[in-house]
Amino acid sequence: MFNSKLKMFNRTAVNWGLTALMVFGLKHYYSQASADELQWLLYPLVLLLELLSPLSFEPLAGGEWLDVRHHIRIVKACAGGNFFIISLVGYLWLLPDRRQPLSRIAVAVLAAWLTTLCANSLRILLSVYAGAALSDGLALPASDSHRLIGILSYFLSICLQLSLDRRRDWYASVMIAALLYLTVTLLIPLLRGWVDGRNTLNSAYIVWVTGIPLGLLVLAYGAKSGGLAVRAAGLLRLNLPKS
């Protein structure tokens, strides 16, 4: 029994060691890559947007894309590299450790790529067709409206992805999603800035990136606690002696 537990521990350590190396490697690659080098995310995104909407893009120099009619430009920042990393780690969390490490990673990469394209298309379409209404309704600048839609689209997408885990309840999935999201979008950049001796994150970014996931986490806890309270009240009424 001890040998089997040791073997399982070694496999888990190898899997998550490879995951950590891959996350840091992908973060470095994404920070250095040009739009031309991210066409494996950008070109399928353009095709999906054209399939789902009236948008029509033309290629520009440097790997960017432009819809002249709607004045929509697809640039490097639209690739969704951070979400791809978050989704990848999420799928590695969902997949069992008993798979061979390379096979497990290959399945997770493909699933994360598809999930990123879907989440990114949703984000862009909401920004194009609902961004102005959101800005007017909440009295937000266009940049903040765009940021709000992006964070909500990505965070709710990873929550939905992790809800596929039948081993845990939905609130645990939201907690894990918040941890993954904040680790990739905030903690790793802060650690990298500390190592490099420079901080590239401004206070507005930190407030938005932490505030929305944590706010939704609080709302989820309230919904869960409310549900528990309702069930407890129902049981209490059933057990009360009838007069």
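To be clear, the structure that these remarks concern was listed above.
This is a predicted model, so every value here is computed, not measured.

**Some words on the sheet that holds strand E3 (residues 72–74)**
Inference 1: Strand order in the open sheet made by the three strands is E1-E2-E3, with antiparallel pairing throughout. The strands lining the two open edges of the sheet, one partner per strand, are strand E1 (58–59) and E3.
Inference 2: Both E1 and strand E2 (residues 65–67) contribute to a ladder of two bridges, which runs antiparallel. Counterpart to Glu58 in the pairing with E2 is Leu66.

**Here's the deal with the pattern of salt bridges**
Inference 1: Summed over all chains, the structure comprises three salt bridges.
Inference 2: Lys224 is the salt-bridge partner of Asp169, the closest N and O atoms lying 3.5 Å from each other. You can see Asp169 sitting in the loop between helix H5 (142–162) and helix H6 (170–196) and its partner Lys224 sitting in helix H7 (residues 203–239), a full 55 residues away along the chain.
Inference 3: You can call Asp169 partly exposed: its relative accessible area is 38%.

**Some details on the nonpolar core**
Inference 1: Leu88, Phe155, Ile158, Leu162 and Tyr181 are the most contacted members of the largest nonpolar core, which has 41 residues in total.
Inference 2: Mapped by element, the contributors of at least two residues to this core are helix H1 (2–32), helix H3 (81–94), helix H4 (101–138), H5, H6 and H7.
Inference 3: Considering every element that reaches this core, the biggest residue donor is H6, with eleven residues.
Inference 4: Excluding residues that lie within four positions of it along the chain, Ile158 makes contacts with Phe83, Ile86, Ser87 and Ala177.
Inference 5: Of all hydrophobic cores here, the second largest spans 19 residues; its members include Tyr30, Val46, Ala79 and Ile124.

**Details of helix H2 (residues 39–52)**
Inference 1: Between its terminal C-alpha atoms H2 stretches 19 Å, which fits the 20 Å expected from 14 residues at 1.5 Å a residue.
Inference 2: Within the sequence span of H2, burial applies to Gln39, Leu41, Leu42, Pro44, Leu45, Val46 and Leu49.
Inference 3: Those residues of H2 hidden inside the fold are in contact with E2, E3, H3 and H4.

Reading the values: the criteria
Residues numbered from 1 in each chain as written. Predicted model: local features only at pLDDT ≥ 70, side-chain atom pairs only at ≥ 80, totals over all residues. Heavy atoms only, no water. Pairing = 2+ DSSP bridges. Helix = DSSP H or I, 4+ residues; strand = E, 2+ residues; numbered from the N terminus. Salt bridge = Lys/Arg side-chain N within 4 Å of Asp/Glu carboxyl O. Buried < 20%, exposed > 50% of the residue type's maximum accessible area, 1.4 Å probe, protein only. Core = buried A, V, L, I, M, F, W, Y, C linked by side-chain atoms within 4.5 Å. Contact = heavy atoms within 4.5 Å. Expected span 1.5 Å × (residues − 1).

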